[in-house]
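# Chains, contacts and geometry: an overview
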Amino acid sequence: MTVTLPVELPADDAELADAVASWLRQNLPADWLAAVEAGDRATVERIRADRDRAAAWFDVLGEAGLATPTWPREHGGLGLTADRASIVSEQLVRYSAERPNQDFVGLALAGPTILEWGTDEQKAARLPALARGRELWCQLFSEPGAGSDLAALSTRAVQQEDGNWLVNGQKVWNSYAHLADFGLLMTRTDPAAPKHRGITYFLLDMRTPGVEPRPLKQMTGDAEFNETFLTDVVIPDSARLGPVNQGWAVAITTLMQERNGLSGRPAVGPGASDALVARAVATGAWRDPLLRDRLVSAFVEERSLQMTTIRSFVAAGSGAPTAEGSIRKLAHATLSEKLGVLGTELEPDGAIAWDAHERPAAVEQFLAMKTYSIAGGTSEIQRNIIAERVLGLPKDPDPERHTPFQERSRG
Amino acid sequence: MSRVDFLFMCRWGPLSDVRLTPPSHSLTLCPVYAEQRDPEFGWTGEHRQLRETVRGLLAERAPVSRSRELAESGARHDAALYSALAEQVGLQGLALPERFGGYGGTLLDLAIVAEEMGRVLYGGPFFPTVALAAPALMASADEEACAEYLPRIADGSVTATLAVVEGSGVWSPDDVLTVADAGGRLTGAKFPVLDGVDADLLVVAARGPEGISLYVVEGGAEGLQRSALEILDGTRRMGRVTFDATPARRIGAPGHGWAAVTQAREVASVLMAAEQVGAMAACVELTAEYARTRRQFGRLIGSFQGVKHRLADMAVRLEMSRSAAYWAAWQDPGTEEFAFGAGTARSFCSEACLQTGQDTIQLHGGIGFTWEHDAHLYLRRARADMTVLGTPAQVRAELETTVLAAAAELEPTVATHSIEVPA
Ligand SMILES: Cc1cc2nc3c(=O)[nH]c(=O)nc-3n(C[C@H](O)[C@H](O)[C@H](O)COP(=O)(O)OP(=O)(O)OC[C@H]3O[C@@H](n4cnc5c(N)ncnc54)[C@H](O)[C@@H]3O)c2cc1C
């Protein structure tokens, strides 16, 4: 039987952490808890990989509001501020009870965007399923011709006489689109208006005929992101999020959430550099004073970033994220590259060759290190945002900002 | 032996001597400051008010132009302002216990003050007295000495400093060669010592019969010689202090001097990091303002990405530094967290501050290279700060034990490592 969380959550941070931890100890399946407590990573991974067991657990977690602690109670959350919610997330991670990485788009982007812009029907239809992990979401924003300049997107949506929308176009770099149930979709609905003013935002059912994601092989060798073709896709008007032609404002909500969410762990505790230190001790690289200094330096930088995340969550409270999120996103991207390179240097042969079954984790980390400096807005774009929105410098010139979309140059 | 093991051996030798050991949670609680109870980063109305008061006062009586004026004339400080800080606002005694004439505030309160002082490069005896000597006296746990000296520090009538390093720049007990004989007479030399020439009291780390202890030497003591050094950062004078069988008063338990030095240095590290945050904030504001007003090629220079992006990086360094400095200030002195926070803040903020000084000059162009412009004052301060409490590299070497302990804790409690997936 599920033991419920106290309705009044403790105001004290340490007590909140204890309440969540004790809830987890009472509700996690016994073998799962035992494996966590024994530090038996393999067993934990095996249980989590069992789809039925994972689904059953995420249902319990969602029911308690713990998967979405910042959401209001009436929508399946706990109504916590960002910093208090991070205490909850921290405990979930400690017990390996958290939602998987694939759910980032659903939990961190779709949920808050729907909360801000959705109709009552949309909220009722989507939020409970999101909170319980029943639906996987993807983000259909980028296009071959619109990356950093996202507002230049050209996927076309035309409203039909029956009120439905007919969509044609191509999206790209869409993580998990091939597995997703729903997609956050931006389309062009008024080509005669300047680019920011003719965009409309939809919640797309990925099972709709004409939606065709094709996995693309990444530099890591995995194929998590896709190109997604949209051919004569019919979307009901009830799936539109926010007003017609005001999709840019809706997208800003999503993008702000994204930058805010991509800065690493919101608590001062074990991070990626700790793992590198452990590895350095194992390989003997720790004995090299130059590597030691770089490791401690990275450790210091990672902890400083964690401290920044906490500080910004405390400052934000229940408010919407601001341009300040770009500071952390940028710092996180820089750190990630530093760690990616450093990790290979801790391997005696630089992680360039390995025996079968002995592939060091450094290889993956090295190959994935450029992720954060591109995904979610490149580091150059984050610097522009910081310079313009935080420091008040002039905006970059955009000669086509006021040009009707259909008259813009291409290339 | 597998190929991988073999490679490990070739590159870094056999694996016997370094092991991950879990941390020992033995805490030595230092009675230095009142416990900080507010939640981390939860600013209160009092914090804001304190900041405003100090900022207003310094803007009026000690703007950076005044720091420059004092530095250029070689003056030690503005003595009238020093008294006013003590008498009108009580800053010297802000974080000292009430029983020693202080106001019982927290280290966090003092960090706010330090940040505001860093903004305007307020120098002179305040830092050596309040951030170094007073914490050393407190850490000595010598009630009698504290009762004698601290109330006079709090009321601004006495200035003091802490003399530890002896030319090597390294804060290590092995580098303390100044000796104390059985009668408590000191012989040796300390340099550079902040405010060493003029401080009324010198708190000195010296090697006595029982190991390193702290000693207080009065300014007029026999056999004490003090000479001024030429200095990079004119806002904080430094001197060479020599002792020749100089009478001194031992404070605290004999042989426990290094522990007190370490605690004082941690407190000073946090306060210096807060000062650096203030200095960096001033540099970022100054530079952003310049970029918003200076024109070249028919446009504001702040519209060039080369300028925008460098400024954005300056803002990142500033915010990370602010977090590191205040996270440390929010911990309770004497705890492992405090020691770790102090080291982290010192390593991160020192390097960030130096880079910020360089970038400030770069983005000002020729004017930034002039004597008249304030940029070089910030750069000079940043470089001096890097050495005064031990270099960032030394601090990182000291953090190694903590870092190893953290890595050792990684496996058992956190079973999977969570990373976000980018969209
Ligand atoms: C791993 C990964 C996952 C992703 N997942 C998703 C996803 O799920 N959904 C989705 O919609 N998208 C996703 N993306 C796409 C990502 O958001 C874009 O790749 C990114 O915004 C950059 O766009 P672009 O690739 O078109 O590059 P471009 O915009 O063409 O940029 C090329 C270069 O030019 C620079 N540049 C462009 N404009 C400026 C400017 N104004 N000032 C200075 N420099 C500039 C860029 O910084 C970059 O260095 C993902 C990307 C990656 C790498």
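Thresholds, definitions, all that
Residues numbered from 1 in each chain as written. Chains lettered and ligands numbered in written order. Predicted model: local features only at pLDDT ≥ 70, side-chain atom pairs only at ≥ 80, totals over all residues. Heavy atoms only, no water. Helix = DSSP H or I, 4+ residues; strand = E, 2+ residues; numbered from the N terminus. Contact = heavy atoms within 4.5 Å. Areas by Shrake-Rupley, 256 points an atom, 1.4 Å probe, with all protein chains shown as cover. Rg over C-alpha atoms; globule rule 2.2 N^0.38 Å. Buried < 20%, exposed > 50% of the residue type's maximum accessible area, 1.4 Å probe, protein only. Lys, Arg positive; Asp, Glu negative; His and termini not counted. Charge placed at Lys NZ, Arg CZ, Asp CG, Glu CD. Buried area = accessible area lost by both parts, 1.4 Å probe. Salt bridge = Lys/Arg side-chain N within 4 Å of Asp/Glu carboxyl O. Polar contact = N/O pair within 3.5 Å; in protein donor to acceptor, adjacent residues only side chain to side chain. Domains from an automatic or database assignment. Nonpolar A, V, L, I, M, F, W, Y, C, P; charged D, E, K, R; others polar. Expected span 1.5 Å × (residues − 1). Pairing = 2+ DSSP bridges. 1 Å grid on protein atoms, 1.4 Å probe; cavity = no way out; pocket = protein on both sides within 12 Å on 5 of 7 lines; lining within 4 Å. Points joined across faces, edges and corners; volume = space filled by probe spheres on them. Core = buried A, V, L, I, M, F, W, Y, C linked by side-chain atoms within 4.5 Å. Phe/Tyr/Trp six-rings, centres within 6.5 Å; stacked < 30°, edge-to-face > 60°.

### A short note on the overall build of chain B
Helices and strands together make up the secondary structure of chain B, namely 12 helices and 10 strands. Taking as baseline every contact in chain B between residues at least 6 positions apart, the subset at least 24 positions apart corresponds to 77%. Counting only carbon and sulfur atoms, one obtains 54% of the accessible surface of chain B, whose full area is about 16700 Å².

### Quick notes on the overall build of chain A
Per the secondary structure count, chain A includes 14 helices and 8 strands. Taken over C-alpha atoms, the radius of gyration comes to 22 Å for chain A, in line with the 22 Å a tight globule of 411 residues would show. Counting across all 411 residues of chain A, residues that qualify as buried make up 55%. Nonlocal contacts in chain A, meaning residues at least 24 apart in sequence, comprise 71% of its contacts between residues at least 6 apart. When the accessible surface of chain A is summed, it comes to about 17000 Å², and 53% of that surface belongs to carbon and sulfur atoms. For chain A, the distance from the average position of its 42 positive side-chain charges to the average position of its 55 negative side-chain charges is 2 Å.

### Details of the interface of chain B and chain A
Opposite the 66 residues of chain B that make contact, chain A presents 86 residues. Note on chain B versus chain A: buried area summed over both sides is about 6500 Å², and carbon and sulfur give 64% of it. Run the count over chain B and chain A and you get 6 salt bridges. The shortest N-O distance in the salt bridge between Arg-311 of chain A and Glu-319 of chain B comes to 2.7 Å. Where chain B packs against chain A, one counts 14 residue pairs in polar contact (both at pLDDT 80 or more). Within the residue set of the side of chain B that touches chain A, elements represented by two or more residues are helix 1 (3–12), helix 8 (257–293), helix 9 (305–330), helix 10 (336–364) and helix 12 (392–413) of chain B. Per element, the largest residue contribution to the side of chain B that touches chain A is 14 residues, and it comes from helix 9 of chain B.

### A short note on the domain arrangement of chain B
All names here are of chain B. Segmentation of chain B into domains returns domain 1 (3–16 + 258–409), domain 2 (45–158) and domain 3 (161–257). Between the C-alpha centres of domain 1 and domain 3 there is a distance of 29 Å. Note on domain 1 versus domain 3: buried area summed over both sides is about 1500 Å², and carbon and sulfur give 64% of it. Of all residues in domain 1, Trp-258, Val-261 and Arg-380 give up the largest surface area on contact with domain 3, accounting jointly for 41% of the area buried on that side. For the pair domain 1 and domain 3, the interface holds 3 salt bridges. For Arg-236, the salt bridge goes to Glu-275, with nearest N and O atoms at 2.8 Å. Taken together, the links from domain 1 to domain 3 amount to 13 residue pairs in polar contact (both at pLDDT 80 or more). Mapped onto the side of domain 1 that touches domain 3, the elements with two or more residues apiece are helix 8, helix 11 (375–388) and helix 12. Take the side of domain 1 that touches domain 3: its biggest share by element is 8 residues, from helix 8. Residues that form the side of domain 1 that touches domain 3 fall into these classes: 9 nonpolar, 3 polar and 7 charged.

### Structural notes on helix 5 (residues 107–119) of chain B
With 13 residues, helix 5 of chain B ought to run about 18 Å at 1.5 Å a step, and its terminal C-alpha atoms sit 18 Å apart, in line with that. With its phi angle positive at about 55 degrees, Leu-121 of chain B sits one or two positions after the end of helix 5 of chain B.

### Some remarks on the pairing of strand 7 (residues 225–235) of chain A
All names here are of chain A. Inspection of the sheet shows strand 3 (residues 165–175) paired to strand 7 by 9 bridges, in the antiparallel sense. In the sheet register, Val-172 faces strand 7, and the bridge partner there is Glu-227. Of the strand pairs in this sheet, strand 6 (residues 211–215) and strand 7 are connected by 5 bridges, and their pairing is antiparallel. The partner of Arg-214 across the bridge, within strand 7, is Glu-227.

### Re the pattern of salt bridges
Applying the stated criterion across every chain yields a total of 54 salt bridges over all chains. In this structure, Arg-68 of chain B engages Glu-72 of chain B in a salt bridge whose closest nitrogen and oxygen atoms are separated by 3.1 Å. Of this pair, Arg-68 of chain B and Glu-72 of chain B both sit in helix 3 (residues 64–73), 4 residues apart, which is roughly one turn of the helix. A residue is classified by how much of its surface remains accessible, and Glu-72 of chain B, at 45% relative accessible area, is partly exposed. When salt bridges with common partners are traced through the structure, they connect Arg-311 of chain A together with Arg-51, Arg-55, Glu-115, Glu-116, Arg-119, Glu-285, Glu-319 and Arg-322 of chain B into a single cluster.

### Describing empty space enclosed by the protein
All names here are of chain B. In this structure the tally under the stated criterion is 3 cavities of 30 Å³ or more. If you add up the space inside the largest cavity, you get close to 80 Å³. The wall of the largest cavity is formed by Ser-67, Leu-70, Ala-71, Ala-75, Arg-76, His-77, Leu-121, Tyr-122, Gly-123, Gly-124, Gly-234 and Thr-235. In the lining of the largest cavity, the residues fall into 5 nonpolar, 6 polar and 1 charged. Its boundaries defined by the atoms lining it, the second largest cavity holds a volume of some 70 Å³. Together, Leu-110, Ala-114, Met-117, Phe-126, Phe-127, Val-130, Ala-131, Leu-271 and Glu-275 line the second largest cavity. Counting residues per element, the ones that place at least two in the lining of the second largest cavity are helix 5, helix 6 (126–140) and helix 8. Per-element tally for the lining of the second largest cavity: the top contributor is helix 6, with 4 residues. For the lining of the second largest cavity, a count of residues per class yields 8 nonpolar, no polar and 1 charged.

### Re the nonpolar core
Residues and elements named next belong to chain B. Grouped together as the largest cluster of nonpolar side chains are 142 residues, with contacts concentrated most on Tyr-122 and Leu-311. With 20 residues, helix 8 is the single largest residue contributor to this core. Among all residues touching Tyr-122, those that are not within four sequence positions of it are Leu-58, Ala-62, Ser-67, Leu-81, Tyr-82, Leu-85, Met-117, Arg-236 and Arg-381.

### Quick notes on the domain arrangement of chain A
Residues and elements named next belong to chain A. Domain boundaries in chain A define domain 1 (13–99), domain 2 (137–248) and domain 3 (262–390). On a C-alpha basis, the centres of domain 1 and domain 3 stand 25 Å from each other. Opposite the 5 residues of domain 1 that make contact, domain 3 presents 7 residues. Both sides together, the interface formed by domain 1 and domain 3 hides about 590 Å², and carbon and sulfur atoms give 57% of it. Of all residues in domain 1, Ala-82, Asp-83 and Glu-90 bury the most surface against domain 3, accounting for 61% of the area lost on that side. Between domain 1 and domain 3 we count 0 salt bridges in total. Here domain 1 is connected to domain 3 by 1 residue pair in polar contact (both at pLDDT 80 or more). Taken together, the residues of the side of domain 1 that touches domain 3 sort by class into 1 nonpolar, 2 polar and 2 charged.

### Some remarks on the packing of aromatic side chains
Residue and element names in this part refer to chain A. A full pass over the atoms with the stated rule returns 12 aromatic pairs over all chains. Between Phe-141 and Tyr-201, the ring centres sit 5.8 Å apart and the planes meet at 85 degrees, which makes this aromatic pair edge-to-face. A residue pair is termed long-range when its members are at least 10 positions apart, and Phe-141 in the loop between strand 1 (137–140) and strand 2 (156–159) and Tyr-201 in strand 5 (residues 199–205) qualify at 60 residues. Taken individually, Phe-141 and Tyr-201 each receive the classification buried, so the pair is uniform in this respect.

### Some points on helix 14 (residues 379–390) of chain A
Between its first and last C-alpha, helix 14 of chain A extends 15 Å over 12 residues, near the 16 Å set by a 1.5 Å rise per residue. Of all the residues in helix 14 of chain A, the buried ones are Ser-379, Gln-382, Arg-383, Asn-384, Ile-385, Ile-386, Ala-387 and Glu-388 of chain A. Summarising the contacts, the buried residues of helix 14 of chain A are in contact with helix 8 (247–261), helix 11 (325–345) and helix 13 (371–374) of chain A together with helix 9 of chain B. Immediately downstream of helix 14 of chain A, the backbone of Gly-392 of chain A shows phi near 70 degrees, a positive value.

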